[in-house]
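Spelled out from the first residue to the last, the chains are:
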Amino acid sequence: DTITCNAAISACEKAGEWAHASQLVSLMAQGMVELSTITCSAVISACEKTGKWKSAFRFLSVMAQSEVKCNEISFNAGISACKKVGNWEESLQVLRSMERRNVEPNAITSSAAISSCDKACKWREALRLFNSMTLCGVKSSMNSFSSVIGACDWEQALRLLGIMAGSQVEMDTVTFSAAMSACEKGGNWEQVLQLLNMMVERDLESDAVIFNAAISTCKKTGQWERTMQLFNLMDQSKVELDTITFSSAIGACEEGGELKQAMHLFDVIAERKVRLDTTSYSAAISACEKEGAWEKALQLFCMMTENQVELDTITFNAAISACAKAGEWQR
């Protein structure tokens, strides 16, 4: 009967066995066993867990055709399945279907639909959806705010952060990370640092992604001293320094003509046994070239070969230029 089948489908859903759940629904249809909201919600959820958005979509259609009542759980699972694979248009289609069937969206609906727009870099759609949900009286959750902030440009992101604070919605590391990422993309290093300070004031834990965003922004805007301050703060906070961290810091020193700082970073790299990429070495060799340190440039060039780091045109040009400037043409 329906209850027995629902129990079996729920077990498949928990195990992520969407194919078995789907087969059971087909057997129910063949055996003239009535489909219920619980049945369809469970199989859609199984599809969502495994990213089978097309199957989730199909079962939502089956519910409509069979006149099975859909609830927010069914629709939320369908939207979430679309979100996982970046199908923002299908997510919005499911949301419209939800409205047509008079099912009220909730904070989970809002967060999932906005997140799908965020993943597809459709910030205008994400913002429009956020505003629409707010007007409909759907209370925005921390996840909803974080998703739309991550999709927006830096000005919109900061505006939303202000609304979030005014609404007394809790802010976490993800929220600040999303806002900092938006500011980093816009090259607004002052706001990035301000957000980082806000995190410290709130005793929120900062990870490598957050620090790297701040360091990258300072590097892009030629703030090498601030880059090194952040680098040191990151180290003092016992946040793991990775390839991205060192690459940005070395690049900032190179652009600021700070060869000693760049070389100091290489000493730290040797101690921490961090593997560097082509960009890091090229930036350091360029710093040597600017300072006329051709021997150091060649040393770094040889290190790249020894460590099997790919050599590119920038690397060769910087090394050749360093030797040429020092009159070491035979090198």
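Please refer to the structure higher up on the page.
In this report, the structure presented in the accompanying data block is examined. Remember, predicted model here, so these are calculated numbers, not experimental data.

### As for the overall build of the protein chain
Phase 1 of the analysis: Helix and strand counts for the protein chain come out as 19 helices and 0 strands.
Phase 2 of the analysis: Residue pairs in contact within the protein chain that sit at least 24 positions apart in sequence constitute 63% of those at least 6 positions apart.
Phase 3 of the analysis: Of the roughly 17,000 Å² of accessible surface on the protein chain, a fraction of 49% belongs to carbon and sulfur atoms.

### What about unusual backbone geometry?
Phase 1 of the analysis: The backbone of Gln168 shows a phi angle near 60°, a positive value even though the residue is not glycine.
Phase 2 of the analysis: With respect to the element layout, Gln168 can be found in the loop between helix 10 (154-166) and helix 11 (173-185).
Phase 3 of the analysis: Looking at Gln168, the relative accessible area reads 74%, which means it is exposed.
Phase 4 of the analysis: Phi angles above zero are rare outside glycine, and Gln308 is one such case at about 55°.

### Structural notes on the packing of helix 11 against helix 12 (residues 189-201)
Phase 1 of the analysis: As a packed pair, helix 11 and helix 12 sit with axes 9 Å apart at the nearest point and diverge in direction by 170°. Taken together, the axes of helix 11 and helix 12 lie roughly antiparallel to each other. Between helix 11 and helix 12, the contacting residues are Thr173, Phe176, Ala179, Met180, Cys183 and Glu184 on the first element and Gln191, Val192, Leu195, Leu196, Met198 and Met199 on the second.
Phase 2 of the analysis: Looking at the contact of helix 11 with helix 12 residue by residue, the class counts come to 9 nonpolar, 2 polar and 1 charged.

### Observations regarding the pattern of salt bridges
Phase 1 of the analysis: Here the structure, examined in full by the defined rule, presents 3 salt bridges.
Phase 2 of the analysis: A salt bridge links Lys219 to Glu255; its shortest N-O distance comes to 3.9 Å. Taken together, the residues span a long stretch of sequence, with Lys219 in helix 13 (residues 208-220) and Glu255 in helix 15 (residues 243-255) at a distance of 36 residues.
Phase 3 of the analysis: Among the salt bridges present, the one from Arg272 reaches Asp235, with a minimum N-O distance of 3.0 Å.

### Focus on the nonpolar core
Phase 1 of the analysis: Counting 95 residues, the largest nonpolar core has Phe246 and Phe266 as its most contacted members.
Phase 2 of the analysis: The biggest single contributor to this core is helix 16 (residues 259-272), with 7 residues.
Phase 3 of the analysis: Not counting chain neighbours up to four residues away, the residues in contact with Phe246 comprise Phe231, Leu241, Leu265, Val268, Ile269, Val274 and Leu276.

### Looking at the packing of aromatic side chains
Phase 1 of the analysis: Enumeration over the complete set of coordinates arrives at 3 aromatic pairs.
Phase 2 of the analysis: A centroid spacing of 5.4 Å and a plane angle of 65° characterise the contact between Phe231 and Phe246, whose relative ring orientation is edge-to-face. Separated by 15 residues along the polypeptide, Phe231 in helix 14 (residues 224-236) and Phe246 in helix 15 bring together distant segments of the chain. For the pair formed by Phe231 and Phe246, the shared burial category is buried.

### Concerning the side chain of Ser282
Phase 1 of the analysis: Mapped onto the secondary structure, Ser282 falls in helix 17 (residues 278-291).
Phase 2 of the analysis: Dropping the residues within four chain positions of it, Ser282 is found in contact with Asp312, Ile314 and Thr315.

### Things to note about the environment of Arg58
Phase 1 of the analysis: Relative to the helices and strands, Arg58 resides in helix 4 (residues 53-65).
Phase 2 of the analysis: Each C-alpha atom of the pair Arg58 and Gly78 lies 9.6 Å from the other, and the pair is 20 residues apart in sequence.

### A short note on helix 10
Phase 1 of the analysis: Along its 13 residues, helix 10 runs 18 Å from first to last C-alpha, staying within 8% of the 18 Å computed at 1.5 Å per residue.
Phase 2 of the analysis: If you check which residues of helix 10 are buried, you get Ala157, Leu160, Leu161 and Met164. Each buried residue of helix 10 lies within a common arc of 105° when the element is viewed along its axis, so the set occupies one face. Away from its buried face by more than 90 degrees, helix 10 exposes Glu155 and Gly166.
Phase 3 of the analysis: Taken from the residues just after helix 10, Gln168 is the one with a positive phi, measuring 60°.

### A short note on the environment of Leu204
Phase 1 of the analysis: Structurally, Leu204 can be placed in the loop between helix 12 and helix 13.
Phase 2 of the analysis: The spatial distance from the C-alpha of Leu204 to the C-alpha of Asp172 is 7.0 Å, given a sequence separation of 32 residues.
Phase 3 of the analysis: Those residues within four positions of Leu204 in sequence are excluded, and the remaining contacts are Met171, Asp172, Thr173, Phe176 and Met199.

### Focus on the packing of helix 17 against helix 18 (residues 294-306)
Two numbers describe a pair of packed helices, the interaxial angle and the distance between the axes.
Phase 1 of the analysis: Here helix 17 crosses helix 18 at 165°, and the two axes come no closer than 8 Å. Judged by the angle between their axes, helix 17 and helix 18 are roughly antiparallel. Every pair of crossing elements has a handedness; the one defined by helix 17 and helix 18 is left-handed. Contacts between helix 17 and helix 18 involve Thr278, Tyr281, Ala284, Ile285 and Cys288 from the former and Lys296, Ala297, Leu300, Phe301, Met303 and Met304 from the latter.
Phase 2 of the analysis: Split by residue class, the contact of helix 17 with helix 18 holds 9 nonpolar, 1 polar and 1 charged.

What counts and how
Residues numbered from 1 in each chain as written. Predicted model: local features only at pLDDT ≥ 70, side-chain atom pairs only at ≥ 80, totals over all residues. Heavy atoms only, no water. Helix = DSSP H or I, 4+ residues; strand = E, 2+ residues; numbered from the N terminus. Contact = heavy atoms within 4.5 Å. Areas by Shrake-Rupley, 256 points an atom, 1.4 Å probe, with all protein chains shown as cover. Buried < 20%, exposed > 50% of the residue type's maximum accessible area, 1.4 Å probe, protein only. Axes fitted to C-alpha atoms, helices over the stretch in contact; angles between N-to-C directions. Parallel < 35°, antiparallel > 145°, perpendicular 65-115°, else oblique. Nonpolar A, V, L, I, M, F, W, Y, C, P; charged D, E, K, R; others polar. Salt bridge = Lys/Arg side-chain N within 4 Å of Asp/Glu carboxyl O. Core = buried A, V, L, I, M, F, W, Y, C linked by side-chain atoms within 4.5 Å. Phe/Tyr/Trp six-rings, centres within 6.5 Å; stacked < 30°, edge-to-face > 60°. Expected span 1.5 Å × (residues − 1). Arc of directions from axis to C-beta. Left-handed = near helix turned anticlockwise from the far one by under 90°.

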